[in-house]
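What the coordinates show
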Amino acid sequence: MDYLDNGNNKMAIQQADKLLKKHKDLHCAKVLKAIGLQRTGKQDEAYALAQEVAALEPTDDNSLQALTILYREMHRPELVTKLYEAAVKKVPNSEEYHSHLFMAYARVGEYKKMQQAGMALYKIVPKNPYYFWSVMSLIMQVTDGSSKQSKEQWVGHHRKLLSCYNNPSLPQSISAQDENLSKTMFLPLAERMVEKMVKEDKIEAEAEVELYYMILERLEKYKEALDVVRGKLGEKLTSELQSRENKCMAMYKKLHRWPECNALARRLLLKNSDDWQFYITYFDSVFQLIDESWTPPAEEEHSLEGEVHCSIEQAVNFIEERITEESKSSRPLRGPYLAKLELIRRLRHRGCNDEYKLGDPEELMFQYFKKFGDKPCCFTDLKVFVDLLPPSQYTKFIRQLLDVIPLVAAAENEVALPGDIKALQQHLCVVQLSRLLGIYHAMEKKQKLAVVRELMLRYRHGLEFGKSCLKTELQFSDYYCLLAVHLLLDLWLEGEEAAVWQCLTLLEEGLSHSPSNAQFKLLLIRIYCRLGAFEPVSELYSSLDAKHIQHDTIGYLLTRYAGSLGHYAAASQSCNFALRFFHSNQKDYGAFEKIPEFIAFRNRLNSSLHFAQVRTERMLLDLLLEANISTSLEESIKSMSLSPEEDDIPWKDLRDNRDLTVLFSWDPKDRDISEEHRKLSLEEETLWLRIRSLTLRLISGLPTLAHTIQPKNSEKTAENGVSSKIDTIRALLQQLEVAVDSGKKFLEQKIQVPYPVLGPPPTRMAGFFSNGSCQCQTSLFYLVSDIYELDTNGLEDSAEIQERIGNSFKSLVERLTDLFNKCKGDLIEVRDGTLKTHPNLLENLVFFVETISIALWVSSYCDSVLRPFKSNLQKKKKKKKESSVAMPPVFTHFLDYVTELQTLTSNVIDHIKGLEIILTALKLEELSLKDTLPLQDKDTLCPGAGWQCMKSALAAQKPLERAVAVPAWIETHTPRLLSLLLPFRCWTPLSCP
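About the cut-offs
- Residues numbered from 1 in each chain as written.
- Predicted model: local features only at pLDDT ≥ 70, side-chain atom pairs only at ≥ 80, totals over all residues.
- Heavy atoms only, no water.
- Helix = DSSP H or I, 4+ residues; strand = E, 2+ residues; numbered from the N terminus.
- Buried < 20%, exposed > 50% of the residue type's maximum accessible area, 1.4 Å probe, protein only.
- Contact = heavy atoms within 4.5 Å.
- Areas by Shrake-Rupley, 256 points an atom, 1.4 Å probe, with all protein chains shown as cover.
- Expected span 1.5 Å × (residues − 1).
- Pairing = 2+ DSSP bridges.
- Axes fitted to C-alpha atoms, helices over the stretch in contact; angles between N-to-C directions.
- Parallel < 35°, antiparallel > 145°, perpendicular 65-115°, else oblique.
- Left-handed = near helix turned anticlockwise from the far one by under 90°.
- Nonpolar A, V, L, I, M, F, W, Y, C, P; charged D, E, K, R; others polar.
- Salt bridge = Lys/Arg side-chain N within 4 Å of Asp/Glu carboxyl O.
- Phe/Tyr/Trp six-rings, centres within 6.5 Å; stacked < 30°, edge-to-face > 60°.
- Lys NZ or Arg CZ within 6 Å of the ring centre and 35° of its normal.
- Core = buried A, V, L, I, M, F, W, Y, C linked by side-chain atoms within 4.5 Å.
- pLDDT = per-residue confidence, 0-100.
- Disulfide = S-S within 2.5 Å.

The name an unreviewed UniProt entry assigns to the protein is N-alpha-acetyltransferase 25, NatB auxiliary subunit, from the organism Lamprotornis superbus.

Here we come to the overall build of the protein. Secondary structure assignment for the protein yields 44 helices and 4 strands. Counting every position in the protein, which comprises 993 residues, the buried fraction comes to 54%. Put simply, of all contacts in the protein between residues at least 6 apart along the chain, 72% involve residues at least 24 apart. When the accessible surface of the protein is split by element, carbon and sulfur atoms take 50% of a total near 45,300 Å².

On to helix α34 (residues 675–701). With 27 residues, α34 should cover 39 Å at 1.5 Å per step; its first-to-last C-alpha distance of 39 Å lies within 8% of that length. Most of α34 sits inside the fold, with 20 of its 27 residues counted as buried.

The next point concerns helix α6 (residues 77–90). When the terminal C-alpha atoms of α6 are compared, their 21 Å separation across 14 residues agrees well with the 20 Å that a helix rising 1.5 Å per residue should span. Burial of α6 is extensive: 10 of the 14 residues sit out of reach of the surface. Buried residues of α6: P77, E78, L79, V80, T81, L83, Y84, A86, A87 and V88, and no others. The inward-facing, buried residues of α6 contact α4 (43–54), α5 (61–73) and α7 (95–108).

Before going further, it helps to examine the pairing of strand β4 (residues 834–837). Bridge count between strand β3 (residues 828–831) and β4: 4 bridges; the pairing is antiparallel. Bridge assignment links E829 to a residue of β4, and that residue is K836. Between β3 and β4, which pair antiparallel in sequence order, lie 2 residues; one of them, D832, sits at a positive phi of approximately 55°.

What follows deals with the side chain of E342. Looking at where E342 falls in the secondary structure, it is placed in helix α18 (residues 335–349). Since its relative accessible area comes to 8%, E342 is described here as buried. Other than its neighbours up to four places away in sequence, E342 contacts W276, I280, F283 and F385.

Where helix α25 (residues 498–513) contacts helix α26 (residues 518–531), the axes come no closer than 10 Å and their chain directions differ by 150°. In this view, α25 runs roughly antiparallel relative to α26, as classed from their interaxial angle. Seen from above, α25 lies across α26 with left-handed handedness. Facing α25, whose interface residues are V500, W501, C503, L504, L507, E508, G510 and L511, α26 presents F520, K521, L523, L524, I527, Y528 and L531. In terms of residue class, the contact of α25 with α26 is built from 12 nonpolar, 1 polar and 2 charged.

Applying the stated criterion to the full structure yields 44 salt bridges. Residue K223 pairs with D227 through a salt bridge whose shortest N-O separation is 3.5 Å. Taken as a pair, K223 and D227 lie in helix α13 (residues 222–230) at a separation of 4 residues, close to a single helical turn. Here D227 falls in the partly exposed class, since its relative accessible area comes to 42%. Salt bridges linked by common partners bring D284, E342, R345, R346 and D387 together as one network.

Among the structural elements, R655 can be located in the loop between α33 (631–639) and α34. In this structure the C-alpha to C-alpha distance between R655 and L605, which are 50 residues apart in sequence, comes to 8.0 Å. Once residues lying within four places of it in the same chain are set aside, the contact partners of R655 are R604, S607, S608 and L609.

Now for the packing of aromatic side chains. Summed over all chains, the structure comprises 21 aromatic pairs. Among the aromatic residues, those joined into a cluster by ring pairs are W688, F768, F769 and F847. Over the ring of Y561 we find R560, and its NZ or CZ is 4.5 Å from the ring centre. The ring of F769 is capped by K744, whose NZ or CZ atom sits 5.7 Å from the centre of that ring.

The subject of this paragraph is the nonpolar core. Generally speaking, a soluble globular protein has its nonpolar side chains buried in company with each other. Counting residues in hydrophobic clusters, the biggest one holds 201 residues, and the most contacted among them are Y71, V135, L433 and F534. Ranked by residues supplied to this core, first place goes to helix α24 (residues 478–493) with 11 residues. In contact with V135, not counting residues within four places along its chain, are A190, M193, V194, L211 and I215. Counting 75 residues, the second-largest nonpolar core is a separate cluster that includes L623, L790, V858 and Y861.

Detailed reading of predicted coordinates is not advised where the pLDDT is low. For the protein, the mean per-residue pLDDT works out to 83, and 83% of the residues sit at or above 70. The model gives residues 145–177 a pLDDT under 50, and that stretch makes 89 contacts with residues more than four places away or in other chains. Segment residues 923–934: pLDDT under 50, and 37 contacts once partners within four positions in sequence are set aside and those in other chains are kept.

Below, the discussion takes up the state of the cysteines. Evaluation of the coordinates by the stated rule reveals 0 disulfides. We note that C481 lacks a disulfide partner, and the nearest cysteine sulfur, in C503, lies 9.4 Å from it. Judged by relative accessible area, C481 falls into the buried class, the value being 0%.

Quick look at the environment of F318 now. Relative to the assigned elements, F318 resides in helix α17 (residues 312–327). F318 sits in the buried class, given a relative accessible area of 2%. Along the primary structure F318 and L269 are separated by 49 residues, whereas in three dimensions their C-alpha atoms are 9.9 Å apart. When residues no more than four places from it in sequence are discounted, the contact partners of F318 are R266, L269, L270, Y282 and H309.

Right, let's talk about unusual backbone geometry for a bit. One non-glycine residue, D201, lies in the positive phi region at around 55°. For D201, the location among the structural elements is in the loop between α11 (179–199) and α12 (206–218). Of the residues examined, D201 reaches a relative accessible area of 62% and is grouped as exposed. For S641, which is not glycine, the phi dihedral falls at a positive 60°. One can find S641 in the loop between α33 and α34.

Looking now at the side chain of D275. Within the secondary structure, D275 sits in the loop between α15 (258–271) and α16 (276–291). Residues contacting D275, with those up to four places away along its chain left out, are Q242 and L269.

Topologically, I439 is positioned in the loop between α22 (421–436) and α23 (445–462). Classification of I439 by relative accessible area gives partly exposed; the value is 21%. Between the C-alpha atom of I439 and that of P668, which follows or precedes it by 229 residues, the distance is 9.6 Å.

Written as structure tokens, this is what we have:
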């Protein structure tokens, strides 16, 4: 076991073999050997050995635990259930084995069996936790929100996911999903089971009360749930701060008992006037009571929770009292001041602000800044309320804030700088507000450049305050650098091409001082990808150390560009990272009240848009990289469990889990990411996913149309089921046409609402349509249909079909040639010392490789159909002893097509090799950024060439890979493209047609 723990799997196998020579029937040794075999890639041997032991139904703990570990590594949790089912039968009174069986059922979602196992365990060992395990199993039969269809789709997801790792599939478990059934059977049964324990006074733990509360809430018995929380059982709710009060508040809201809601919120704010959630509840309840014209009773108490405020005057006085109390506090509290601004906002919305004279928002925000401006949270606090300021007062407000910041100028005409960290934080807050209010956006180019110079001066000065910071800590002045980069990005969008290169310089400089600053890395990733330089991106993304759910929320930053820029190895690796996370999200559950959250989380991941995308792209990538022209394609498709008939993407339930705000933005609302942008991006991603999914399914259908030597007729094909295969292909082709039409219409609509530069990255759909790849691929699949029709009807009386096929061959060569022409051009353009990249050429080249691969797979199918026809004609020729037999034109058409295809691929290979020569000859020293962005007092960026400045600024990094990344950028993907195209160069499908 030590060898396995240390990763020495071969030695572990050897030691296990030694033990087995002495003790042939030592189960544990066999299982340990199986684990070693599994970890060395010998899955079949490991599985066979494990099943040999499992068939003996072992009951010793060592063997059972070892088999459990093995089955988990095999991703076969259903085998663990069978293992412990057998153990429980042999040792029926074992608490440990019953417990393991329950947990095994939990891992595969067998909730009904969990319930039974829980009750069986409780009968053996009557402990409360086991009883409530059974109750929770009932709730889980209700809580698992996915439908049976979604459950089946989820299983399909994992079958294909696991096939990527050559692992067997997971079993399917079905839960009750009907809402009416849950409310009439499962939940009432769970309620009765808990009530039995309540009546017998057997409730012991807080988790049991939480479970009871959860059941009543799901049954919409809000009054009963409130009584539980307020009663004796509620006294057990002590693990979380204000747990009891929060549950009461939730039930008051469900019951629309606004007086109690208001009184409880007021009482909690008297205890802690800095708890923002209760201010929101307080205001909501006040205005609800006003709208309902509620008045307190004359003699009785206002509510169960005490005094109620039901007028605006009372709300205003309450907030003013909180501010007065705060002034006496030893610790400054932000809540009361922000609550006053929130109340002003709500009163303005109701059109009655002036009546109550709460004060001028501008003055209140100014006073707030004076009190809390040195806190990093000051900007995010005020950001919410800037809409209270009139646009005409923006500049005045900013000047007012600047006047109270203690800045010191070394000389008369020099920039006044902060003397300490507090002053720096205050000034940073003002700069961020300036950007948010649109002041920078309204500036001319020269003014923006002046602001960039000032911000970088302040950034470098601020580094003095962070000399003692650890590498894992951020510098206090990092935001200055980020804001300067945002201004440069504005200039880039306005046509200043050199600005983007200066962005890279500043970001790399910032990263050298703050190696852990994720914003620097994320911005670098976005900019490098926009420029087409993917080589540094992998390292940057890896340094982010993304964990767990982040593979779903920010993984799109990597997967969107890796494959499209020709970095197939990086694309495969990034897909693997994401797929491993999605596969491993099936975890054991914790406390009772958290189980619904875990199930909802699991369902959200199973319906993840990003999950569906990486799975589809990974399979397309694997086919592109690994599948040979004919036999290997069929084997690859079989190993992936792909079927053209099967569509397991939950289209109706797809969830966009991407974090589109992961990059900081200080833009005004009209320039920032809007809800419309999010909707458009989701629609675009879904349309592109549908196109890619249909393409994958169409490719997977090619091997199913294999030509049989026996003569065909329509009746036989129907009997053999082959016709249904072509019907599937044709149906998928129609769906692809619809998806393409929808995509084109969408792109016309999207032009009206372009994404912000730091918003969601667009898909590859626009390039797919514009460069001709779409037309080529669609034509190829239509050609498959025509070839099948020829195969079915035979060569006689098929002149029309042959002519159609011949025209298709000619058209395909023309379109492929046109696509190749769009791959030509300068990847790097240097004009007047300014560098510009053309990443669209790379994307076109990648699309060409994909399209030519499909063309060759289709050509292989054509060959499989035409070759038997040719062979039959030659046999007839020999029998009739004729010197010449007229060859059908389809053979000539196909031979010409293949010849031109070979010539085209040879030209592409030569073109890629030519790119290497051009890039090698490129003199990077001649690149210059002068005269375009004078960020210093001189007319040039720095003395000498701009490239030399870039190198010195990035001395701690890898300038060639980071600053421009030209050689690495091309060198990395060129061998892959060559390796894809070279095998096809010498392929001759028909030696003598």
